[in-house]
Structures are given as structure tokens and as C-alpha cells.
Amino acid sequence: SLPAKLINGGIAGLIGVTCVFPIDLAKTRLQNQQNGQRMYTSMSDCLIKTIRSEGYFGMYRGAAVNLTLVTPEKAIKLAANDFFRHHLSKDGKKLTLLREMLAGCGAGTCQVIVTTPMEMLKIQLQDAGRIAAQKKLMAAQAQLAGAAEPVVEARTTATQITRELLRSKGIAGLYKGLGATLLRDVPFSIVYFPLFANLNKLGQKDPDVKAPFYVSFLSGCLAGSTAAVAVNPCDVIKTRLQSLQRGVNEDTYSGILDCTKKIWQKEGPTAFFKGAYCRALVIAPLFGIAQVVYFIGIAEFLLDLLPKHRA
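- Taking an unreviewed UniProt entry as the reference, the chain is identified by name as Mitochondrial glutamate carrier 1 belonging to Struthio camelus australis.
- On record in UniProt, under Subcellular location (unreviewed entry), the comment for the chain is "Mitochondrion inner membrane".

Right, dumping it as C-alpha cells:
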């Protein structure tokens, strides 16, 4: 049922995000730093420096936004894919690869309604620590020369950012980078859902019986990490476009083409794969957990208890 699908998707998203959010924070900071302004050399270096300068909970900056919005985002994504697969199937027959890809395309298109503002707010909060650390480093160097005062970081919240964007740009402000988000999420879903469905089928002894949970988990991990690396260049572009604040001497971008051109010319083609391994490490368990929860059907179990409880 639709309510069960929405509950399953929401539970899956909450569990997954809680487990992998620090890696996602490292991914955002690695993708945003440009040549000449590198604060971190790797994911582990980023996490260690974050803990030292911002404490353990610094790794979870922006998590509240994700945890709030990931439930509708994952619910829409998983339920929409099921919806399109159902309507694209002919009399219950097996879907062709093209139809599976079309269903994934539909799911990816639907989810950006929630994904774009969620990513927009999350990125500002995740990257604030990197920009603050960069300013402190430059201020410390200036202090040695006796030319500056210490920098005090002013913490912002998702509510403050939302209010400012709505006041200055209206609802469109929350949807900055919508084109780049579509460019990332639609191809991701086109790759992920057909790949997951076919990998999961390999573990089914009978077409009418669900695959074991570990098969769904491993299929979700493999399909998720493959799709994540495949669309990482689009994720780098999206992250750069959605960042409202820049570090010292960092480029600004007017759109997707301008961003692509500047990254290619100034940082080289390898820059499009910044944070790719972080993204794979985030997406693999996130979608593995999501598919296990979704296929086990926790919501069906909970909803089945309600009539019995009332009786």
C-alpha cells in the first residue's frame, strides 16, 4: 500500500543518513575546496580536522535538515519508482531494461521537489566549518604580521538561511541548482533502480518470493556505489552551484556550463571526481539499508498491528 511504502522509505532514510552523515560532510567539503585553498587532503584528514576544530558533533552539521527532509525524499523516490514500474509493466510481465530505466527517470524527477532545498540548506551548514577554518588560518597568519584581529565564527542555522533566501529571492532561492540536481538525480535513478532490480533477482530462488535481506542489502550497496561514482561530476557541479559562501579567492559560477568550464580549465578533469569515494561510501550503505527496510516491509508489520490493537 502507498502508506506502507512511504513509511518504509522514511524509516530507511532516517537510519541510513544517521549512519553515514559524517562521510557526506567530508564529501561536501572536499568537493567545494578549490586549488590553492586546500584545507583537507583526504576524507580521513577532513574528519580528523573537523573533530579537532568543531568537536564530535561538528561532523553532524546540517544533519537536522537531512533528517527532517530525508523521510519525504526517500519515500517519494522509492514509492515513485514502484509506481512507474507498475504502470509501465504490461499485464504483470517482466519489465524491459528500457522501461526500468524510464521508471528510474520518473522517480529521480519526482524526488527533486524535496532534494533541491534539502541539499541547498545542508551544503551551507556542512561547508560553513571549512570556510571558517580557512578564515581563521588566514587571520592567524595575518596576526603574526600584526595586521588583523582574531576571527570569531558566527554560527548560522537552517532556519536563518531559509528566511534570508525567502526574503531576498523568494521560493526560487531554495531551488538554486535545480537544473544541476536534476542532472545528477535523474541519471542516478536511471542507473540505480534497473541495476538493483536485476542484481536482487539473482538472489531470488522463486520469482514470487522476496530475495533474502542480505541479497537486497548487497544489491543496494553495489548498485548505489556504481551509480554514485557514475554521476559524481554532476554532484560536484551541483555542490559548487548551491554553495552561497566562498572561501578566499574561490571562483563563483553563473550556471552549469560556466561551472563546468572553470573547473575543467583551472582544476583539470580529475576535479570532477573529487569526493567520489566519499560519495560511494555514503550511498552504498544508505541504499543498502534503504532497500533492506523497504523490502522487509517494517511498515506493513506496523500497519497490520493497528487493527489488532484496536480490536
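After presenting the structure, the write-up continues.
1. As for the overall build of the chain
Stage number 1. If you tally the helices and strands in the chain, you get 11 helices and 0 strands.
Stage number 2. Counting from the amino terminus, helix and strand elements in the chain follow one another as α-α-α-α-α-α-α-α-α-α-α.
Stage number 3. Of all 311 residues assigned to the chain, the portion counted as buried reaches 50%.
Stage number 4. Put simply, of all contacts in the chain between residues at least 6 apart along the chain, 80% involve residues at least 24 apart.
Stage number 5. Looking at the chain as shown, the accessible area adds up to about 15200 Å², and 66% of this sits on carbon and sulfur atoms.

2. Structural notes on the pattern of salt bridges
Stage number 1. In the structure shown here, the tally under the stated rule is 19 salt bridges.
Stage number 2. Between Asp258 and Lys262 there is a salt bridge whose closest N-O contact spans 3.4 Å. On the criterion of helical spacing, the pair formed by Asp258 and Lys262 is a turn pair, its members being 4 residues apart in helix α9 (residues 256-267).
Stage number 3. Since its relative accessible area comes to 24%, Lys262 is described here as partly exposed.

3. Things to note about the packing of helix α3 (residues 63-88) against helix α6 (residues 178-201)
Stage number 1. Where α3 meets α6, the closest approach of the two axes is 12 Å, and the angle between their N-to-C directions is 70 degrees. Classified by the angle their axes make, α3 and α6 are roughly perpendicular. Here Lys77, Leu78, Asn81 and Arg85 of α3 lie close against α6, whose contacting residues are Phe188, Ser189, Phe193 and Ala197.
Stage number 2. Classifying every residue of the contact of α3 with α6 by side-chain character gives 4 nonpolar, 2 polar and 2 charged.

4. A short note on the side chain of Gln242
Stage number 1. Counting through the fold element by element, Gln242 comes out in helix α8 (residues 232-242).
Stage number 2. Among the polar contacts listed, one links the side chain of Gln242 to the backbone oxygen of Lys176, at a separation of 3.0 Å.

5. As for the environment of Thr162
Stage number 1. On the secondary structure map, Thr162 appears in helix α5 (residues 158-169).
Stage number 2. As for Thr162 and Pro117, which are separated by 45 residues in sequence, their C-alpha atoms are 9.1 Å apart.
Stage number 3. Apart from the residues within four sequence positions on either side, Thr162 is in contact with Leu121 and Leu174.

6. Some thoughts on the nonpolar core
Stage number 1. Among the nonpolar cores identified, the biggest contains 30 residues, and Phe188 and Tyr192 are the most heavily contacted of them.
Stage number 2. Where this core is concerned, the elements lending two or more residues are α1 (2-32), α2 (43-54), α3, α6, α7 (213-230) and α10 (276-296).
Stage number 3. Setting aside residues no more than four positions away along its own chain, Phe188 makes contact with Lys77, Gly224, Ala227, Ala228, Val231, Arg279, Ile283 and Phe287.
Stage number 4. Ranked by size, the runner-up nonpolar core spans 9 residues in total, among them Ala180, Val236, Ile237 and Cys259.

7. Some words on empty space enclosed by the protein
Stage number 1. Inspection of the entire model under this criterion finds 1 cavity of 30 Å³ or more.
Stage number 2. Space inside the largest cavity adds up to approximately 290 Å³.
Stage number 3. Looking at the largest cavity, it is lined by 24 residues, and the ones nearest its centre are Lys74, Glu119, Arg279, Ile283 and Leu286.
Stage number 4. Among the secondary structure elements, those contributing two or more residues to the lining of the largest cavity are α1, α3, α4 (97-144), α6 and α10.
Stage number 5. Residues belonging to the lining of the largest cavity are distributed by class as follows: 10 nonpolar, 3 polar and 11 charged.

The rules behind each value
Residues numbered from 1 in each chain as written. Predicted model: local features only at pLDDT ≥ 70, side-chain atom pairs only at ≥ 80, totals over all residues. Heavy atoms only, no water. UniProt positions renumbered as here; feature names shortened; annotations may be inferred. Helix = DSSP H or I, 4+ residues; strand = E, 2+ residues; numbered from the N terminus. Buried < 20%, exposed > 50% of the residue type's maximum accessible area, 1.4 Å probe, protein only. Contact = heavy atoms within 4.5 Å. Areas by Shrake-Rupley, 256 points an atom, 1.4 Å probe, with all protein chains shown as cover. Salt bridge = Lys/Arg side-chain N within 4 Å of Asp/Glu carboxyl O. Axes fitted to C-alpha atoms, helices over the stretch in contact; angles between N-to-C directions. Parallel < 35°, antiparallel > 145°, perpendicular 65-115°, else oblique. Nonpolar A, V, L, I, M, F, W, Y, C, P; charged D, E, K, R; others polar. Polar contact = N/O pair within 3.5 Å; in protein donor to acceptor, adjacent residues only side chain to side chain. Core = buried A, V, L, I, M, F, W, Y, C linked by side-chain atoms within 4.5 Å. 1 Å grid on protein atoms, 1.4 Å probe; cavity = no way out; pocket = protein on both sides within 12 Å on 5 of 7 lines; lining within 4 Å. Points joined across faces, edges and corners; volume = space filled by probe spheres on them.

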